Amino acid sequence: MEAILEFFFTYREAIFIIILSIFLGIEVISNVPAVLHTPLMSGANAIHGVVIIGAIIVMGHAEETVAFILGFLAVVLGTLNVVGGFVVTHRMLDMFNKKKKKQ
């Protein structure tokens with residue numbers, strides 16, 4: 001228990017910044033209008049594509065099993081996030097296309 005308290009006292013500024021950034025992120029994301037959702041999702045997909053490439057590079061240079069497993073998990077989770085982002089973006093674009101066809 002003392003080690004945990006010592007960790008919190010040592011890194012209290014960093015922990016405070018992380019907690020504030022979590023609240024700020026929630027506030028910013030909750031106030032994004034629907035019109036901006038698709039461009040932001042496309043940007044997030046691009047960022048996760050870079051994460052996947054970095055994870056593949058880490059897996060290629062992994063000398064320990066733990067590093068290889070973590071790299072593999074990063075590739076799998078990043079790929080799921082990119083695919084999910086494209087699915088959500090496609091659905092949102094289909095919603096706009098249906099409105100144009102009805103008119």
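This structure is a prediction, so every number in the text was calculated from the model and none was measured.

**Focus: the overall build of the protein**
Part 1 of the argument: A count of helical and extended segments in the protein gives four helices and zero strands.
Part 2 of the argument: Helices and strands in the protein line up, N terminus first, as α-α-α-α.
Part 3 of the argument: Relative to the globule expectation of 13 Å for 103 residues, the C-alpha radius of gyration of the protein, 20 Å, shows a markedly less compact shape.
Part 4 of the argument: For the C-alpha atoms alone, the extent of the protein along its principal axes is close to 65 × 35 × 20 Å.
Part 5 of the argument: Expressed as a percentage of its 103 residues, the buried residues of the protein come to 12%.

**Here's the deal with a nonpolar patch on the surface**
Part 1 of the argument: A contiguous nonpolar patch, built from Val 66, Phe 68, Ile 69, Leu 70, Phe 72, Leu 73, Val 76, Leu 77 and Leu 80 and spanning about 870 Å² of accessible area, is present on the exposed surface.
Part 2 of the argument: Inspection of the secondary structure puts Phe 68 in helix 4 (residues 65-102).

**What to know about the environment of Phe 68**
Part 1 of the argument: With a relative accessible area of 40%, Phe 68 lands in the partly exposed category.
Part 2 of the argument: The sequence separation of Phe 68 and Leu 24 amounts to 44 residues, and the corresponding C-alpha distance is 33 Å.
Part 3 of the argument: Setting aside chain neighbours within four positions, we find Phe 68 in contact with Met 59 and Ala 62.

Parameters and conventions
Residues numbered from 1 in each chain as written. Predicted model: local features only at pLDDT ≥ 70, side-chain atom pairs only at ≥ 80, totals over all residues. Heavy atoms only, no water. Helix = DSSP H or I, 4+ residues; strand = E, 2+ residues; numbered from the N terminus. Rg over C-alpha atoms; globule rule 2.2 N^0.38 Å. Buried < 20%, exposed > 50% of the residue type's maximum accessible area, 1.4 Å probe, protein only. Patch = residues over 30% accessible without salt bridge, like charges linked within 9 Å, V, L, I, M, F, W, Y side chains within 5 Å. Areas by Shrake-Rupley, 256 points an atom, 1.4 Å probe, with all protein chains shown as cover. Salt bridge = Lys/Arg side-chain N within 4 Å of Asp/Glu carboxyl O. Contact = heavy atoms within 4.5 Å.

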